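Structural features, examined
The chain contents come next:
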Amino acid sequence: MKISGVDIRPGNILEYEGGIWKVAKIQHTQPGKGGAYMQVEMKNLQDGRKTNVRFRSADSVEKVRLDTQEYQFLYEDGDMLVFMDQNTYEQIMLPSDLLGDARPFLQDGMQVKLELWEEKPISVELPQQVEAEIVEADAVVKGQTASSSYKPAVLDNGVRIMVPPHIESGTRIVVDVYEQTYVGKAS
């Protein structure tokens, strides 16, 4: 589906110069002289390259619709991850760098969404929040109660996050996968 250059929004998937690009940021600019344009920061979903492109309102670009399918993560094989289609039990292998910063949060048996373009997987989406256990938490510094102070902690997957002072080592918490922030205590 063709859309105008000024209708581009963050999260849109576009076909541009023969590749599939995900829009990260946009900025609408109206200079004093000349026509308005949209400054668009995009990331290539096939090879990870980033680019900045200017689209005028007269420009049109192809918006791509991706198919999403539920898959289950089975195991890691070197730097490849093995996923299974829940319906057909078909297994596929994908490179682990497809997950980016969310990779440490992938757990055995986890349900994920694969985005497919022309039957080829181009991205993996984990659940927004996961449970993790604190394995190491710094001691609280006394007298730091005036501001909402957070202290560093290490999760069981090795990721360092900031947690409230009352969280101790061994506590199970809920973590936002993509922001890598503390959400709350696990129930």
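Here is what the cut-offs are and how they apply
Residues numbered from 1 in each chain as written. Predicted model: local features only at pLDDT ≥ 70, side-chain atom pairs only at ≥ 80, totals over all residues. Heavy atoms only, no water. UniProt positions renumbered as here; feature names shortened; annotations may be inferred. Pairing = 2+ DSSP bridges. Helix = DSSP H or I, 4+ residues; strand = E, 2+ residues; numbered from the N terminus.

Named according to an unreviewed UniProt entry, the chain is Elongation factor P originating from Erythrobacter rubeus. Note on the chain: under the UniProt heading Subcellular location (unreviewed entry), the record states "Cytoplasm".

Here strand β2 (residues 13-16) pairs with strand β3 (residues 19-29) via four bridges, running antiparallel. What sits directly across from tyrosine 16, in β3, is glycine 19. Linkage of β2 to β3, two consecutive antiparallel strands, is achieved through a turn of two residues, within which glutamate 17 is found at a positive phi near 50 degrees. Sheet topology places β2 next to strand β6 (residues 60-63); two bridges connect them, and they run antiparallel. Within the sheet, the bridge partner assigned to glutamate 15 lies in β6 and is glutamate 62.

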